[in-house]
Amino acid sequence: MSKTARQSAVPLSSHGFIGLAADRVRGRGHLRWLVHAVVLLFVLFWFVPILALLLSSLRPQAETAASGWWMALPRPAFTATNYMLAFDQLRVAGSLGTSLAIAIPTTVLVILLSVIGAYALVRMNFAGRTAISLLLVALLVTPPQITLVPLLRLYNLVGLSGTIPGIWLYQVGFTLPFGVFLLRGFIASIPQELFESARLDGASELRIFRSIVLPLSRPIMASLGIMAFLWSWNDLLIPLLFMGGSSLPPPITVNLAGLVAQTTQGQGPLMAATFLSVLVPLVLVLSLQRHFVRGILGGAVKG
Amino acid sequence: MDITGLVPLLIVLGAIGIPFLVYLALGLGEAVLSLCPPGPQRAMRPWLWLLLPLGLVALILIYPVIVTVATSFQDARAESWIGAANYRWAFSGAMLDVIGNNILWLVIFPVVTLVLALIAAVLFDKVSYEPLAMTIVILPTAISFTAGAVIWTQMYSFQPAGSPQLGTFNAVLQVFGLGPVPWLIQPVVNTLALIFVAVWLQIGIAVLILSSAIKNVGTEMIEAARLDGAGEWRIFFSMILPNILPSVLVVLTTMIIAALKVFDIVYVMTNGNFGTDVIANRLYYELFAANNLGHASAIAVILLISALPVALINIIQFRTEVRP
Amino acid sequence: MTSVAIRALRKSYGTIPVIRDVSIDIEDGEFVVLVGPSGCGKSTLLRMIAGLETVSDGEICMGSRVINDVAAKDRDIAMVFQSYALYPHMTVAENMAFSLRLKGIARAERDRRIAKVGELLGLGALLKRYPRQLSGGQRQRVAMGRAIVRDPQVFLFDEPLSNLDAKLRVEMRSEIKALQHRLKITTIYVTHDQIEAMTMADRIVVMRDGRVEQCDTPLDLYDRPANMFVAAFIGSPAMNFLHGMVEKRNSGCSFMSCDGIELPLPPGAGQLEGRPVVYGIRPEHFGLGGAGSLQARIRLVEPTGSETMVFLRLGETEVVGLFRERIAAREGETIPIRPDPSRIHLFDPDSGRRLI
């Protein structure tokens, strides 16, 4: 997923688009039906591929070879075989495990280091503060490809290639400019008096960070967390390059990319594996949609 | 190695152990700082806090950029200087087609995404089931490009004419009595087909941004326009569009960057075959199959330079925001 | 509890001076109010005492100890902010407990002190609530409670009442004063409201442009303002000023304004004969009628019930009079007024300094 620019606005109100029901379609009848028709078509079109994936992953091998996924609607015949095959032969469980082992620490570290960096950048006065901010803005859009040649050599040199901590290191470093930027605006909107009050109450800088900054930034940290997790979980390029030669099962994206090329297992298990790979991010986005929306808008919208 | 035992261990190490160490290091630094007089303490504190974040960014982003720029003027093994030969190679022969594909991506992907997202944002705003519609359009943004590629490989699946079509699109064409299209094989059509996969995956971001911008346009202004007798088209083009231009720009720049970096979709769906290759995929090939570090670096620098205008726009935007 | 001494204090942001050579001695248990127009440096001075701003030059002492280089967290000073600065993610009790926890005070002792302060301020029922669930007045009390529970050496208040409505402000004014008298903790209070300053302070420090214009008890400040700025700043409605000369008259000395109005002077004014002066008289020090009255034309009458404020024209000068009496006269008519010569002030027109 692409990373978006701009620093966060004031903490966005809790509803992005959710919860507005007033001011709906007006105008003449046929126009209204046209609006509904276009919207429904749009939504259907966007949903069909996901439905196709789910149904394909559940259909028996014989059905899949003979007819398209939509035939499961009039002729429902479902089986869990594909999922069993995916686990048995495609190392999906191992891959999901590797993906988790990459994504969870990456997420936590991105959040922590982003809060630390954003707090220092927003709340401390020092020469070079603007320069650093501008540098980070510029780095927001750096294509990852520019980093590959030197880092592959460096990783080989210090023995980080093929290791999961190596992936953490890369993904955290790469996501930090975005993280700092998402948090910047939010932390800047915490009233200065709170920090001063805490200082007069006897709190050290570290204590203020732990007792004031961290708890107050929870909502925006959740937003950053979802986005960081998604990027890490969905990343193909970096694990593809940096996990080479590892004895661990490849992360799920790398595993899938490899499976597409070889058609020996058939469509079903591949679809099952793919559905399993999208299940975690889908559940995450659906259950934490508000934070996800805030992350996207906070990282992008301005003006 | 047994992964099942390793996963929890790695997670505990990375998600609890390292953060704890980071916090400990900060505490240690603060303890050392507190021994200093207040003046130097104030001067040094920001750098203590920025040390880790900036250090990581320097290691992962800044240092590699510098080295890559240097390597782009070196030979395949990055051992001797060969001037601009890598760039001459990058702008000649087969590479021209690759660059042409990237230009196609750079133009079509942002424009199609923007137009479709505008339509969705405006129309969703007018229906009562907007939250549901929005949720569904957001769903693909959670899906990896890799999984998206797998899903759409099936959607685009092609069988020779006469045999039953298993791909959704060709099946629909068949219903209308049209011949099947080899979506991923026929040149130009296949690049467009790949671009559309990216549109499907990314449009949620654009719709969210535009939708929120549209809702921020003052309803009073729109109602006043309506009272003045303006129609819906008029309101969109003279009221809404001018007011959401900054967000349109954000969408465009975001999508341009995504188009520049696009790799996963091409790598998984065609691996650059049938004339669909793009710069990022070619870079992967140069790096692994051809082992030509000079070529790979030159391609990467071209990507970076293409991203510079967007970086510049962002910097200008940022400066105006920070200075009210 | 401690005394606070400020000696030759200076502060500048870059080349812009905000505090220029301020010296104030505050006694143990005293209630001192810093007052002045916005931008006079009063808040900066308070924040320097708190340790939130660095000192460019000079000294701040608590007791006999110079605290210039003591970090804010180690000064044992509590501050009530204009915005209250309550921690939004902590309950009222947690807000109050925060500083006690940092001091390492045991749980039982913390609870005891919070309960006591809660009772003192009538917050008992609110201890479990979050700041967002409180009204403005309740938040203000919590902010005070958070300061009191610490039992600090010094209280600082930075315009703590300006976010409250007028009625609540008056109530809290007397409540804070009563609390301070009871707790006897040295208090420094910043406000731009001179009535707040007058009603609450043991001593008032009037500031302008980073300097102390005068430091005195409220009534001394009112009766004997050191210069025209203080005279104009303290008292509402503000003192009237007329420009003119001290001239010899048959009975002694009189003030003769530029536009030829003659006003009476107190007996001691003879030494100023022949000097140009500014004649200052507070609106409430005009009498109605009697010997030596002047006819003043009424421009506007504002009755408040208990008093009547009258905007008058005396020669070419606009003056304001404040009378206990009801005034029946209307705009355009004249009334006889007479300054009380024992309550008038004379200032040097160049320096603004008080002459008598």
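- If you check an unreviewed UniProt entry, chain C appears there as Carbohydrate ABC transporter ATP-binding protein from Rubellimicrobium thermophilum DSM 16684.
- In its Sequence similarities (unreviewed entry) section, UniProt records this for chain C: "Belongs to the ABC transporter superfamily."

- Under an unreviewed UniProt entry, the name given to chain B is ABC-type sugar transport system, permease component, and the source organism is Rubellimicrobium thermophilum DSM 16684.
- Per its UniProt entry, chain B bears the Sequence similarities (unreviewed entry) comment "Belongs to the binding-protein-dependent transport system permease family."
- Taken verbatim from the UniProt record of chain B, the Subcellular location (unreviewed entry) comment is "Cell membrane".

### Details of the interface of chain B and chain A
Here is step 1 of the chain: Of the residues lining the interface, 123 residues belong to chain B; the matching set on chain A comes to 127 residues.
Here is step 2 of the chain: Interface area for chain B against chain A, summed over the two sides, is near 10,900 Å², with a carbon-plus-sulfur share of 79%.
Here is step 3 of the chain: Run the count over chain B and chain A and you get one salt bridge.
Here is step 4 of the chain: Between Arg45(B) and Glu205(A) there is a salt bridge, with the nearest N and O atoms lying 3.8 Å from each other.
Here is step 5 of the chain: On inspection of chain B and its partner chain A, the count reaches ten residue pairs in polar contact (both at pLDDT 80 or more).

### Here we look at the pattern of salt bridges
Pairing between side chains of opposite charge can happen when the charged atoms of each approach one another.
Here is step 1 of the chain: Per the stated rule, a full pass over the model turns up 29 salt bridges over all chains.
Here is step 2 of the chain: Notably, a salt bridge pairs Arg112(C) with Glu109(C), separated by 3.2 Å at the nearest N-O pair. One end of the pair, Arg112(C), and the other, Glu109(C), are both in helix H3 (residues 107–121), three residues apart, so they sit about a helical turn from each other.
Here is step 3 of the chain: For Glu109(C), a relative accessible area of 28% corresponds to the partly exposed category.
Here is step 4 of the chain: A single salt-bridge network, built from bridges that share partners, covers Glu196(A), Lys11(C), Arg47(C) and Glu53(C).

### A few points about the interface of chain A and chain C
Here is step 1 of the chain: Listed per partner, the contact involves 16 residues of chain A and 22 residues of chain C.
Here is step 2 of the chain: Here chain A and chain C share an interface that buries about 1,700 Å² over both sides, 63% of which is from carbon and sulfur atoms.
Here is step 3 of the chain: It is Glu196(A), Leu200(A) and Asp201(A) in chain A that bury the most area against chain C; as a group they hold 38% of the surface buried on that side.
Here is step 4 of the chain: At the junction of chain A and chain C, the tally comes to two salt bridges.
Here is step 5 of the chain: At the junction of chain A and chain C, the tally comes to nine residue pairs in polar contact (both at pLDDT 80 or more).
Here is step 6 of the chain: Of all the elements in the fold, those that place two or more residues in the side of chain A that touches chain C are helix H8 (192–200) and helix H9 (205–216) of chain A.
Here is step 7 of the chain: With seven residues, H8(A) is the single largest residue contributor to the side of chain A that touches chain C.
Here is step 8 of the chain: Its residues placed into classes, the side of chain A that touches chain C shows seven nonpolar, four polar and five charged.

### Considering the packing of aromatic side chains
Residues and elements named next belong to chain B.
Here is step 1 of the chain: Counted by the stated rule, this structure contains 40 aromatic pairs over all chains.
Here is step 2 of the chain: Here the aromatic rings of Trp105 and Phe109 are separated by 6.3 Å at their centres, their planes lie at 55°, and the arrangement is tilted. Of this pair, Trp105 and Phe109 are both found in helix H4 (residues 94–124), four residues apart, which corresponds to roughly one turn of the helix.
Here is step 3 of the chain: A relative accessible area of 1% means that Trp105 is categorised as buried.

### Description of the confidence of the model for chain C
Here is step 1 of the chain: When the pLDDT values of chain C are averaged, the result is 91; 100% of them are 70 or greater.
Here is step 2 of the chain: Note on the complex model: pTM 0.88, ipTM 0.92.

Conventions used here
Residues numbered from 1 in each chain as written. Chains lettered and ligands numbered in written order. Predicted model: local features only at pLDDT ≥ 70, side-chain atom pairs only at ≥ 80, totals over all residues. Heavy atoms only, no water. UniProt positions renumbered as here; feature names shortened; annotations may be inferred. Contact = heavy atoms within 4.5 Å. Buried area = accessible area lost by both parts, 1.4 Å probe. Salt bridge = Lys/Arg side-chain N within 4 Å of Asp/Glu carboxyl O. Polar contact = N/O pair within 3.5 Å; in protein donor to acceptor, adjacent residues only side chain to side chain. Helix = DSSP H or I, 4+ residues; strand = E, 2+ residues; numbered from the N terminus. Buried < 20%, exposed > 50% of the residue type's maximum accessible area, 1.4 Å probe, protein only. Nonpolar A, V, L, I, M, F, W, Y, C, P; charged D, E, K, R; others polar. Phe/Tyr/Trp six-rings, centres within 6.5 Å; stacked < 30°, edge-to-face > 60°. pLDDT = per-residue confidence, 0-100.

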